[in-house]
Every structure is written in C-alpha cells, then in structure tokens.
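# Examining the three-dimensional arrangement
Okay, here's what each chain looks like letter by letter:
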Amino acid sequence: MPLLVDDAPALPLDAQGILELAARSMFQLFSSVSQGMFLVDRSGRIVWVNEGYQRFLPDLGFSSVDQFVGRTVEEVIPNTQMRRVLETGQPVLIDLLTNKAGTFVVSRIPLRDDADRVIGAIGIVLFDHPETTLQPLISKFALLQRDLDDARRELASQRRRSLAVAGDGERRSKYTFASFIGSSPAAAEVKRQARRAAQSTSPVLLLGETGTGKELLAHAIHAASSRASGPFVSVNIAAVPDTLLEAEFFGVAPGAYTGADRKGRDGKFKLADGGTLFLDEIGDMPQSLQAKLLRALQEGEIEPLGSNKLVPFNVRILAATSRDLAALVREGKFREDLFYRLHVLPVRVPPLRVRRGDIPALVEALGEDLALRNGTPPPELLPDAMALLAGQPWRGNIRELRNVLEQAVMRGEGQSIDAAQLERILREAGVEPAAPAPVQDPGHAADAEDESRYLRPLAEQVAELERKAIAAAMKAHGGNKLATARQLGISRATLYGRLENPE
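Report follows, based on the coordinates. Everything quoted here is computed from the prediction, not taken from an experiment.

Looking now at the nonpolar core. Core analysis: the biggest nonpolar cluster contains 32 residues, and Phe249, Phe269, Leu279, Ile282 and Phe334 have the highest contact counts within it. Listing elements by their share of this core, those giving two or more residues are strand 6 (204–207), strand 7 (232–236), helix 10 (242–250), strand 8 (276–280), helix 12 (287–299), strand 11 (316–321), helix 13 (325–330) and helix 14 (336–342). A total of five residues in this core trace back to one element, the largest contributor, which is helix 12. Not counting residues within four places of it along the chain, the set of residues in contact with Phe269 comprises Phe249, Phe250, Leu277, Leu293, Leu297, Ile302, Phe313, Val315 and Ile317.

In structure tokens:
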C-alpha cells in the first residue's frame with residue numbers, strides 16, 4: 001500500500017476552485033500540444049498569440065507579432081470563422097481552415113465571464129499538415145466531397161435536360177437513383193439491382209404494386225446506362241385505346257388511311273431509336289398486339305401502318321406492370337414467349353409497407369416538393385402523426401402517401417400536422433386508420449447481445465454505432481434531416497451521404 005505524504009498537493013474542494021484548476025490545466029495542455037493558439041476579444045481583435053502560432057505569421061504576410069496583435073481577426077487570418085463564434089457563442093470543435101499559410105485542423109472556443117456573457121474566443125491549431133496526419137479522415141472527406149460534387153453536377157444536368165425538353169421537345173429522363181428516396185434494406189436492395197440492370201443492354205421488367213416508383217426507376221436506369229445521352233420514350237399502354245396502340249408503337253405511313261397525316265407519323269419505336277423505350281403497364285397490352293411486339297423485338301425492325309417497308313430500330317426495352325404476368329401467362333391472357341422475352345432482368349419494387357423505415361424521409365421529400373410548388377414552408381409532422389403514417393398499410397403506396405400529405409397541407413390551418421388531422425383524411429377516403437407504429441427501444445436489443453459482438457474489426461463497430469446514432473436522431477426528429485444533422489454536429493450533405501451509402 002503506498003505511503004501517504006502529508007505535504008502532497010491536494011485538489012481544491014470547492015466547485016470554483018476545481019473549475020479554475022481544470023481551465024488552467026486545459027489551457028496549458030492545449031498550449032503545449034497544439035500547433036498554435038491565439039486569443040481575440042469581444043470585438044474580434046487579436047490580443048495574444050503563443051509561440052507556436054508565431055511561426056505561421058510570415059506565411060500570413062507579417063514579419064513580427066506587433067504587426068499581428070491588435071488587428072481584427074478577419075484582417076490577418078483569411079477565411080476564419082471566429083466572428084461567427086463570437087456572435088453565436090457556439091464552439092466549433094473541429095473544422096478545416098485553408099488560407100495562404102496552408103490547410104489546418106482548428107478548434108474555436110468562446111470565452112465567457114461569470115455572467116455567462118461572451119467576452120472573447122480562443123483559436124487552436126490542432127494539426128498543420130492534415131493531409132499527412134489525418135490521411136484516413138481527409139480521404140473520407142474527399143470521397144464525400146466528390147460524391148457531393150457529382151450530385152450537384154447531376155442536378156445541374158437534370159435542370160439543363162428539363163430546359164431542353166421545354167425548349168425543343170426532346171425526350172430525356174427526369175430522375176436518377178438519388179430520386180428514389182429510402183435507405184431501408186428493401187430500398188437499398190432494389191437500387192442495387194436496378195444499378196446492375198443499368199449496366200446491361202438486356203430488357204428489364206419492373207414488377208410491383210401501383211405507386212411504388214417503377215416509372216421513376218425506369219428513368220433512373222436509363223440515366224445510368226450507356227444510352228443516357230439518347231432519348232427516353234415512355235408509353236402507358238393502359239392509357240391508350242386498343243385501336244390506337246399499333247399506330248402508337250409502330251407509326252403511320254403518309255396517307256395510310258382516310259384522314260391520316262400526309263407527312264406520316266413516327267411511332268414510339270422510331271422516337272426512341274438510339275435510346276430507351278419504357279412500356280408501362282405491359283400487362284394490359286391486348287393479345288392482338290403482343291405477337292407484333294414480339295416480332296419487332298426479335299427482328300429489330302418495325303413496319304409502320306400502311307407501309308410495306310421495314311424500318312430498323314435500336315432501342316432498349318424497359319417494361320413495368322403491377323399485374324401478375326406469370327398468372328396471366330397461365331390463364332392464356334399473355335403470350336408466354338413475349339413474357340420470357342421481357343423477363344430477362346426482373347426487378348421487384350417493394351411496397352411501402354415493407355419499407356416503413358423510409359416513410360420519414362419520403363414525407364420530408366414530399367413535403368419539400370409540395371412547399372416548392374405552393375410557395376409555402378415545408379409541413380412539420382408531429383411525432384404522433386409520423387407514427388400513424390408508419391403504421392398504415394398504404395395500398396396505394398407512395399402515391400397514396402403523397403395524396404394524404406397533400407390534403408393535410410392544403411386543409412390544415414397551421415404548418416404542424418398531427419395524427420388527428422391524418423385520421424380524418426384517411427376515414428374520408430374510406431380507409432380505417434391502422435394503429436400507429438410502436439416506438440422501439442433502440443437499446444433493448446443491444447443489451448441482450450453477448451460480448452462476442454465486440455470481437456469484430458473496430459472500423460466495422462464504429463460504422464455500426466454511427467448508423468445507430470443517425471437512426472436514433474432521425475427518429476427523435478421525426479425524419480427531419482436538417483434537425484438530425486444539427487443534433488449530430490455534421491453537415492446535411494454528410495448526412496445524405498451516410499443515408500445513401502450506409503456501409
């Protein structure tokens with residue numbers, strides 16, 4: 001047992017003494033281990049720099065400390081955010097600062113008096129060569145930045161394509177995989193399958209209930225394919241009368257029949273040449289046309305109505321249906337040979353009820369879209385309203401969810417939406433509201449696990465903890481990404497990156 005020394009230094013016993021000791025010790029520690037420190041007063045003027053920081057002064061354009069001290073921080077340190085710390089009183093614990101002296105990892109901490117008023121701030125240079133000392137972090141940051149830049153370019157490209165469509169009538173895809181909202185396992189799997197399908201040239205058959213996003217995925221597959229620069233042409237077979245479908249597909253020769261255009265009319269196959277033809281609701285195609293479609297797909301050529309001339313085409317076929325095509329084949333209502341021609345790369349789009357975890361993100365995206373269209377602030381769903389939405393079966397899937405949300409926004413008197421409003425809307429639509437989704441205890445399952453779960457690579461465990469933290473924050477804030485990012489202390493772009501690529 002160690003001997004006690006009577007004259008050994010003792011900790012102060014009062015709270016003020018402990019605080020003063022801790023502050024003095026932390027200041028001395030940072031001053032010794034950091035690459036440099038400086039202080040500013042309430043007005044933002046430099047009042048002190050330590051010896052470590054003085055080595056940066058020549059690169060900042062100062063030959064002495066006297067030239068540096070006494071000037072405002074914006075004058076002497078380009079790109080600094082110290083003024084924001086003074087104005088908000090909020091610390092910035094980790095940030096990247098780049099100026100003519102280099103790139104640094106810095107901290108900015110406000111200083112307060114006994115009345116809790118901000119009287120200044122301290123700036124700390126933690127690392128002065130982050131490209132070497134923090135290589136793993138910088139690499140990950142660079143990857144996220146590239147993804148963000150790619151997303152920005154894609155959004156800009158989408159806007160340009162939308163303007164092109166409005167200006168010259170060209171047919172282009174409107175959506176990408178980023179438009180398919182959701183990070184649940186079911187959503188991630190369907191996006192994985194669709195991305196793989198985009199790399200192929202074979203026909204793709206999108207299967208799923210109405211309102212699940214099949215058409216959106218068709219646009220995304222085209223946009224990610226080698227044919228993205230070509231046209232994207234879609235035809236909803238259920239919306240075209242049977243008597244007009246053949247002309248719609250194959251076109252009409254000049255003067256083919258009484259009243260026909262003397263210049264003729266191109267069909268969808270011709271319009272889609274060099275790009276993608278999307279056949280929506282293929283299960284509703286009449287049997288009389290199925291044989292002609294099969295022949296066109298097999299031979300790669302069409303014969304316009306009223307013409308004896310074969311016209312070659314080069315299109316990739318994407319098809320979608322909410323019906324059970326296999327059952328229609330068994331009933332003799334859909335040609336078996338055409339079914340196998342289309343059923344090469346089937347992608348089953350999950351209904352909303354099996355991806356309930358995506359509902360908060362979908363509500364946020366739909367709410368922002370409604371706000372943009374109506375020129376109003378996005379709606380705010382209270383926790384009981386979000387729980388109610390998560391518990392519904394959603395027979396109409398995302399289309400039904402959007403309808404309910406839009407009614408709530410248009411009929412509500414305030415920005416907030418509660419469960420009672422949604423229940424009234426559902427009942428008026430003839431739907432008896434299901435019970436709200438129960439709130440799960442995120443820590444219960446973890447308590448039941450044994451210690452073997454920790455016998456894994458540390459990076460894997462950190463990634464898992466990060467996912468759980470994001471999920472907990474998203475749940476606490478009702479799926480609001482801006483509030484979640486603030487809670488976790490990360491940017492919104494970083495949060496989107498984590499949700500899109502959870503691994």
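Further remarks concern the sheet that holds strand 3 (residues 92–99). Spatially, the five strands line up as an open sheet ordered 2-1-5-4-3, and their pairing is antiparallel. A strand with exactly one partner marks an edge of an open sheet, and here the two such strands are strand 2 (46–49) and strand 3. The average angle at which neighbouring strand axes cross in this sheet is 25°, direction not considered. Where strand 1 (residues 36–41) and strand 2 come together, three bridges link them in antiparallel fashion. Each bridged residue has a counterpart across the sheet, and for Val40 the counterpart in strand 2 is Ile46.

Right, let's get into the packing of helix 16 (residues 383–390) against helix 18 (residues 419–428). In contact at an axis separation of 7 Å, helix 16 and helix 18 are set at 35° when each is read in the N-to-C sense. Only Ala419, Leu422 and Glu423 of helix 18 make contact with helix 16, whose side of the interface consists of Asp384, Ala385, Leu388 and Leu389. Residue composition of the contact of helix 16 with helix 18, grouped by class: five nonpolar, no polar and two charged.

Considering all chains together, one arrives at 20 salt bridges under this definition. Across the pair Asp337 and Arg335 runs a salt bridge whose closest N-O atoms are separated by 2.7 Å. Take Arg335: its relative accessible area is 32%, and that puts it in the partly exposed class. Several salt bridges share partner residues, and in doing so they unite Glu248, Arg265 and Lys268 into one network.

So, on to the packing of aromatic side chains. Following the criterion strictly, the structure yields eleven aromatic pairs and no others. Aromatic pair Tyr53 and Phe56: ring centres 5.4 Å apart, planes at 80°, arrangement edge-to-face. Judged by centre distance (6.1 Å) and plane angle (40°), the rings of Phe249 and Phe250 are tilted. Overall, the relative accessible area of 1% leaves Phe249 in the buried class. Note on Phe250: relative accessible area 6%, which makes it buried. Joined through ring pairs, the aromatic side chains of Phe38, Tyr53, Phe56, Phe62, Phe68 and Phe104 make up one cluster.

What follows covers unusual backbone geometry. The backbone of Trp394 sits at a positive phi, close to 50°, despite the residue not being glycine. Within the secondary structure, Trp394 sits in the loop between helix 16 and helix 17 (397–411). Its identity is not glycine, yet Asn397 carries a phi of approximately 55°, on the positive side. Tracing the sequence through the fold places Asn397 in helix 17.

Moving on, we get to helix 8 (residues 185–198). For helix 8, with 14 residues, the first-to-last C-alpha span of 20 Å sits near the 20 Å given by 1.5 Å per residue. Turning to helix 8, its buried residues number three or more, namely Ala187, Val190, Lys191, Ala194, Ala197 and Ala198. Along the axis of helix 8, the buried residues cluster in a sector spanning 120°; they form a single face. Away from its buried face by more than 90 degrees, helix 8 exposes Pro185 and Arg196.

Pairing analysis gives six bridges linking strand 3 to strand 4 (residues 102–112), with the strands arranged antiparallel. Each bridged residue has a counterpart across the sheet, and for Asn99 the counterpart in strand 4 is Gly102. In sequence, strand 3 turns back onto strand 4 through a hairpin of two residues. Sheet topology note: the strand 4/strand 5 (residues 118–127) ladder contains eight bridges and is antiparallel. Looking at strand 5, one finds that Ser107 is bridged to Ile124.

Here we come to helix 18. For helix 18, the full list of buried residues reads Ala419, Gln421, Leu422, Ile425 and Leu426. Angularly, the buried residues of helix 18 cover 160° about the axis, an arc narrow enough to put them on a single face. Where helix 18 is buried, its residues contact helix 16, helix 17 and strand 14 (416–417). Within two residues after helix 18, Gly430 carries a phi angle of roughly 80°, on the positive side.

Glancing now at the sheet that holds strand 6. Hydrogen bonds between backbone groups are what pair the strands of a sheet, and the pairing can be parallel or antiparallel. Spatially, five strands are ordered 7-8-11-6-12 in an open sheet, and the strand pairing comes out parallel. Only two strands of the sheet have a single neighbouring strand rather than two, namely strand 7 and strand 12 (345–348). The sheet shows a mean angle of 20° between the axes of neighbouring strands, direction not considered. Bridge count between strand 6 and strand 11: four bridges; the pairing is parallel. When the sheet's bridge partners are listed, Val204 is paired in strand 11 with Leu318.

Calculation criteria
- Residues numbered from 1 in each chain as written.
- Predicted model: local features only at pLDDT ≥ 70, side-chain atom pairs only at ≥ 80, totals over all residues.
- Heavy atoms only, no water.
- Core = buried A, V, L, I, M, F, W, Y, C linked by side-chain atoms within 4.5 Å.
- Buried < 20%, exposed > 50% of the residue type's maximum accessible area, 1.4 Å probe, protein only.
- Helix = DSSP H or I, 4+ residues; strand = E, 2+ residues; numbered from the N terminus.
- Contact = heavy atoms within 4.5 Å.
- Pairing = 2+ DSSP bridges.
- Axes fitted to C-alpha atoms, helices over the stretch in contact; angles between N-to-C directions.
- Nonpolar A, V, L, I, M, F, W, Y, C, P; charged D, E, K, R; others polar.
- Salt bridge = Lys/Arg side-chain N within 4 Å of Asp/Glu carboxyl O.
- Phe/Tyr/Trp six-rings, centres within 6.5 Å; stacked < 30°, edge-to-face > 60°.
- Expected span 1.5 Å × (residues − 1).
- Arc of directions from axis to C-beta.

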